Amino acid sequence: MASRVWATVSAWCNIPPIFAFAFKDLMDIHNSCLFGKRAKKIMLGLVITTVWCIWKARNVLVFNQKRRSPQEIVAEIKSRGFAWVKNRSSCKYINWKEWCKHLTHMW
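Nothing here was measured: the structure is a model prediction, and the numbers come from that model. (Residues numbered from 1 in each chain as written. Predicted model: local features only at pLDDT ≥ 70, side-chain atom pairs only at ≥ 80, totals over all residues. Heavy atoms only, no water.)

Asks: What's the story with the overall build of the chain in this structure? I'm lost.
Replies: A count of helices and strands for the chain gives six helices and zero strands. Along its sequence from the N terminus, the chain presents helices and strands in the succession α-α-α-α-α-α. The C-alpha atoms of the chain give a radius of gyration of 14 Å, which matches the 13 Å a tight globule of 107 residues would have. Overall, the C-alpha framework of the chain stretches about 40 × 30 × 20 Å when taken along its three principal axes. Counting only residues that meet the buried cut, the chain has 36% of its 107 residues in that class. Pairs at least 24 apart in sequence give 54% of the contacts found in the chain among residues at least 6 apart. In the form shown here, the chain has an accessible surface area of approximately 6,800 Å², with 60% of it arising from carbon and sulfur atoms. A gap of 5 Å separates the mean positions of the 18 positive and 5 negative side-chain charges of the chain. (Helix = DSSP H or I, 4+ residues; strand = E, 2+ residues; numbered from the N terminus. Rg over C-alpha atoms; globule rule 2.2 N^0.38 Å. Buried < 20%, exposed > 50% of the residue type's maximum accessible area, 1.4 Å probe, protein only. Contact = heavy atoms within 4.5 Å. Areas by Shrake-Rupley, 256 points an atom, 1.4 Å probe, with all protein chains shown as cover. Lys, Arg positive; Asp, Glu negative; His and termini not counted. Charge placed at Lys NZ, Arg CZ, Asp CG, Glu CD.)

Printed below as a string of structure tokens:
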């Protein structure tokens, strides 16, 4: 499930597939992307959001015996990521429709 979420997020962000062997690998993804400073901050925020959403889905499965699909998890990542960027950064120009397309066309 997590690998499908990471594959979908990397395709959405138009970056190479994400393969992480340690948490540090995830926290360094934004440094390997050839983006500007603002885009790297957004990418780091999306990585953190993705980790958190996968962790939440795992807890729902373990404690409530309810399985969430990768599509549901990615939808939550997009929604929470959009809210974070729109309200916590200087990227006020971002709109939902554009956000849900490939991200790289925005930076």
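Asks: Is there a simple way to think about the packing of aromatic side chains in this case?
Replies: Both the distance between ring centres and the angle between the ring planes are used here to describe each pair of aromatic rings. Overall, the coordinates contain three aromatic pairs when judged by the stated rule. Ring centres of W12 and W99 lie 5.4 Å apart, and the angle between their planes is 80°; on these two criteria the pair is classed as edge-to-face. Within this pair, whereas W12 is found in helix α1 (residues 2-13), its partner W99 is found in helix α6 (residues 96-100), the two being separated by 87 residues in sequence. An aromatic cluster of at least three residues, connected via ring pairs, comprises W12, F82, W96 and W99. (Phe/Tyr/Trp six-rings, centres within 6.5 Å; stacked < 30°, edge-to-face > 60°.)

Asks: Teacher, can you tell me more about unusual backbone geometry here?
Replies: In most cases, non-glycine residues show a negative phi, while peptide bonds are predominantly trans. A positive phi angle, near 60°, is found at N14, a position not held by glycine. Structurally, N14 can be placed in the loop between α1 and α2 (23-27). Overall, N14 belongs to the exposed group, its relative accessible area being 51%. Positive phi, close to 50°, is recorded for Q65, a residue that is not glycine. Turning to its location among the elements, Q65 is positioned in the loop between α4 (37-64) and α5 (70-88). The class for Q65 is exposed, based on a relative accessible area of 60%.

Asks: What is the right way to read the layout of surface pockets from this model?
Replies: To find the voids left in a structure, one rolls a probe of water-molecule size over its atoms. Of the pockets and cavities examined, the largest pocket occupies roughly 190 Å³. Forming the boundary of the largest pocket are I15, P16, P17, I18, F19, D25, D28, I29, S32, C33, L34 and F35. Looking at side-chain class alone, the lining of the largest pocket contains nine nonpolar, one polar and two charged residues. (1 Å grid on protein atoms, 1.4 Å probe; cavity = no way out; pocket = protein on both sides within 12 Å on 5 of 7 lines; lining within 4 Å. Points joined across faces, edges and corners; volume = space filled by probe spheres on them. Nonpolar A, V, L, I, M, F, W, Y, C, P; charged D, E, K, R; others polar.)

Asks: Which parts of the structure should I look at to understand α4?
Replies: Because each turn of an α-helix spans 3.6 residues, side chains separated by three or four positions in sequence point in the same direction. The terminal C-alpha atoms of α4 lie 40 Å apart, and with 28 residues this matches the ideal 40 Å at 1.5 Å per residue to within 8%. Of the residues making up α4, those classed as buried are A39, I42, M43, G45, L46, V47, T49, T50, C53, I54, A57 and N59. Packing partners of the buried residues in α4 comprise α1, α2, α3 (29-32), α5 and α6. Directly after α4, the chain includes Q65, whose backbone phi takes a positive value near 50°. (Expected span 1.5 Å × (residues − 1).)

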